[in-house]
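Listed here are the chains, written in short residue letters.
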Amino acid sequence: MFFIKQKQTKQTWDLAKGIGKIELSDGNDTKKQLEMIGLTSKDLDVIHALQPFIKEKLDMIANQYYRDLEQEPSLLKIIQDNSTTDRLKRTLKQHLLEMFTGTINEEFIEKRIRIAHMHVKIGLPTKWYMAAFQNLLLSIITIIVENLTNTDDRLMAIQAATKIINFEQQLVLEAYEAEVNRKNIEAEEEKRSIRESVANASINLAAVSKETDTSFQHLCTQSNDIVSIANKGSELSALAEERALKGKEQLHKQTVHLSNIHKSVNNISSDVQVLLNISKQTQEIVEIVTGIADQTNLLSLNAAIEAARAGEHGRGFSIVADEVRKLSEETKKSVTNVSSLTLNTNTQIEKLNQSLEMIKTAVSEENNTMQETEYYFQQILVALDETKIQNQKIEQELQSFVNRTNDLGSAFKEVAVSATDLTMISQDMH
């Protein structure tokens, strides 16, 4: 053990030899740095012996370290943007314990390099890093003075602590420098890439400007053609509106004609209905006459029988009865023909009535269709009116577009000149 406790209250200086180790290969640049500042394994023995005192004061060291940093607003902002003070204090305390283990190896070096990279990443200026480490050294010296009473021990401990702090700074600053050089190389490479991009872009811009100027000249010609077409479109819209108005008038007249036809068909239908009623009455009369003829025929038959009974005296009456019977049969035949004609007439009237109903339905549907068509023509007129307004706006917009196109053509000529200038500038950048 490097230290023992007296009465479990105060750490005691206990320097053990052979504990400190430098585990780096010969010829290593880092080992040469250690030789340059005179940091030996004996110094690491001292560093290890100081660890109990440092461990006892870790909270005090960390609090003082970050209290000093927070006095600078820019450092406080870096802390707030990337972490928290409590988290950084825990990291610092672990870092200090590792610093005073008394062993320097590849893992020790690698951790310091990672810390340096983190400082570069968060944008910590080196001046504040150096100032913070100076304050850290003063805190460690204060702990040494408070715990070591022997002057030689104090001097030896302060020298060892100064060497390890200096070595820490060397490692971090070296990593700082390597990271900055790497970024400078990247920046230079980026500049070179930008120069090449600018040169290529200027060449392409010049070519594109020339092609674009040609395209714009062609576009100007096409724009004038479009304006001419738009004017013709306006004229066609006006002509279509005129014809649509005439079409609407013709549809209105046709609707009136259909309405008159509908009325006439209704009148014919009424007359046909009257005729149908008359035909029905005729049929009734025919039935009555048929009944009378049957009765007359029966009476003539009875009269003939009675005349036969009367003998010679009824002979003349028999002749009359026979003539009446013949007349009755002729009447019945005539009435039967009339009945047949009446039935045929009724059938034809019914068919006519059905045809009239179909005509009425067709006329009604056609009238509705004509009304719908008239409504559509009205909608067409409204649409044509809106189209005429839109055509006028399009014509104005096209004219404005032509003007802007001409302006852009002039602008692209200026771009071509600028592209030439840019090419010259990119050549000067090389």
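Note that this is a predicted model, so its numbers are computed, not measured.

All right, on to the overall build of the protein chain then. Within the protein chain, the secondary structure is distributed over nine helices and four strands. Counting from the amino terminus, the protein chain carries its helices and strands in the arrangement β-β-β-α-α-α-α-α-β-α-α-α-α. For 430 residues, the compact-globule estimate of 2.2 N^0.38 gives 22 Å, and the protein chain exceeds it by more than 25% at 63 Å. The principal-axis extents of the C-alpha atoms in the protein chain amount to approximately 200 × 75 × 40 Å. Counting the 430 residues in the protein chain, one finds 30% classified as buried. The long-range share in the protein chain, meaning contacts at least 24 apart out of those at least 6 apart in sequence, stands at 83%. Here the protein chain has roughly 27,200 Å² of accessible surface; of this, 55% comes from carbon and sulfur atoms. Averaging the locations of the 48 positively and 61 negatively charged side chains of the protein chain gives two centres separated by 7 Å.

The next subject is the side chain of Gln33. Looking at where Gln33 falls in the secondary structure, it is placed in helix H1 (residues 29-37). Residue Gln33 is classed as buried on the basis of its relative accessible area, which comes to 16%. Excluding anything up to four places from it in sequence, Gln33 contacts Gln170 and Glu174.

So, about the nonpolar core. Buried together is how nonpolar side chains tend to be arranged in soluble globular proteins. Core analysis: the biggest nonpolar cluster contains 49 residues, and Leu50, Ile104 and Ile164 have the highest contact counts within it. Within the residue set of this core, elements represented by two or more residues are helix H2 (41-56), helix H3 (58-69), helix H4 (73-82), helix H5 (85-99), helix H6 (106-122), helix H7 (126-147) and helix H8 (151-310). It is H8 that provides the largest number of residues to this core, a total of 10 residues. In terms of nonpolar packing, the next biggest core, distinct from the first, is built from five residues, Val265, Val272, Leu276 and Leu356 among them.

Right, let's talk about the UniProt feature "coiled-coil region" (unreviewed entry) in the protein chain for a bit. UniProt's entry tags residues 349-404 with the feature "coiled-coil region" (unreviewed entry), counted in the numbering of this structure. When the span residues 349-404 is considered, its composition is 100% helix and 0% strand, and the gap between its end C-alpha atoms is 79 Å.

Next up on the list: the domain arrangement of the protein chain. Accessible area lost upon the coming together of the parts serves often as the stated size of an interface. As assigned here, the protein chain comprises domain 1 (21-201) and domain 2 (212-428). Computed over C-alpha atoms, the centres of domain 1 and domain 2 are 103 Å apart.

In this section: the packing of aromatic side chains. Considering all chains together, one arrives at one aromatic pair under this definition. Seen in terms of ring centroids, Phe108 and Phe167 are 6.4 Å apart; in terms of plane orientation they differ by 10°. Their pairing is stacked. Of this pair, Phe108 sits in helix H6 while Phe167 sits in helix H8, placing them 59 residues apart in sequence. No difference in accessibility class separates Phe108 from Phe167, as the two residues are buried. Over the face of the ring belonging to Phe108 we find Arg112, whose NZ or CZ atom lies 3.9 Å from the ring centre.

Relative to each other, H3 and H7 sit at 150°, their axes nearing to 10 Å. Relative to H7, H3 is oriented roughly antiparallel. The crossing of H3 and H7 is right-handed. Contacts between H3 and H7 involve Met60, Ile61, Gln64, Tyr65, Asp68 and Leu69 from the former and Ala132, Phe133, Asn135, Leu136, Ser139 and Ile143 from the latter. Broken down by class, the residue content of the contact of H3 with H7 amounts to eight nonpolar, three polar and one charged.

Their axes nearest at 11 Å, the elements H5 and H6 cross at an angle of 150°. When the interaxial angle is binned, H5 and H6 end up roughly antiparallel. For H5 against H6, the interelement crossing comes out left-handed. Each of His95, Glu98 and Met99 in H5 lies in contact with H6, whose residues at this interface are Phe108, Lys111, Arg112 and Ile115. The class makeup of the residues in the contact of H5 with H6 is three nonpolar, one polar and three charged.

Each α-helix turn comprises 3.6 residues. Residues three or four places apart therefore point the same way. For H6, which comprises 17 residues, the first-to-last C-alpha distance of 25 Å matches the rise-based estimate of 24 Å (1.5 Å per residue) to within 8%. Considered for burial, the residues of H6 that qualify are Phe108, Ile109, Arg112, Ala116, His119 and Val120. Each buried residue of H6 sits inside an arc of 115° when the element is viewed along its axis, so together they form one side. Residue Asn105 occupies the N-cap position of H6, its side-chain oxygen lying 3.3 Å from the main-chain nitrogen of Glu107. Gly123 lies just past H6 and shows a positive phi near 80°.

What follows deals with the layout of surface pockets. Taken as a whole, the largest pocket spans an internal volume of roughly 880 Å³. Along the walls of the largest pocket sit 30 residues, with Leu88, Thr91, Ile115, Met118 and His119 positioned nearest its centre. Those elements giving two or more residues to the lining of the largest pocket turn out to be H3, H4, H5, H6, H7 and H8. The residue inventory of the lining of the largest pocket, partitioned by class, reads 18 nonpolar, six polar and six charged.

Rules used throughout
- Residues numbered from 1 in each chain as written.
- Predicted model: local features only at pLDDT ≥ 70, side-chain atom pairs only at ≥ 80, totals over all residues.
- Heavy atoms only, no water.
- Helix = DSSP H or I, 4+ residues; strand = E, 2+ residues; numbered from the N terminus.
- Rg over C-alpha atoms; globule rule 2.2 N^0.38 Å.
- Buried < 20%, exposed > 50% of the residue type's maximum accessible area, 1.4 Å probe, protein only.
- Contact = heavy atoms within 4.5 Å.
- Areas by Shrake-Rupley, 256 points an atom, 1.4 Å probe, with all protein chains shown as cover.
- Lys, Arg positive; Asp, Glu negative; His and termini not counted.
- Charge placed at Lys NZ, Arg CZ, Asp CG, Glu CD.
- Core = buried A, V, L, I, M, F, W, Y, C linked by side-chain atoms within 4.5 Å.
- UniProt positions renumbered as here; feature names shortened; annotations may be inferred.
- Domains from an automatic or database assignment.
- Phe/Tyr/Trp six-rings, centres within 6.5 Å; stacked < 30°, edge-to-face > 60°.
- Lys NZ or Arg CZ within 6 Å of the ring centre and 35° of its normal.
- Axes fitted to C-alpha atoms, helices over the stretch in contact; angles between N-to-C directions.
- Parallel < 35°, antiparallel > 145°, perpendicular 65-115°, else oblique.
- Left-handed = near helix turned anticlockwise from the far one by under 90°.
- Nonpolar A, V, L, I, M, F, W, Y, C, P; charged D, E, K, R; others polar.
- Expected span 1.5 Å × (residues − 1).
- Arc of directions from axis to C-beta.
- Polar contact = N/O pair within 3.5 Å; in protein donor to acceptor, adjacent residues only side chain to side chain.
- 1 Å grid on protein atoms, 1.4 Å probe; cavity = no way out; pocket = protein on both sides within 12 Å on 5 of 7 lines; lining within 4 Å.
- Points joined across faces, edges and corners; volume = space filled by probe spheres on them.

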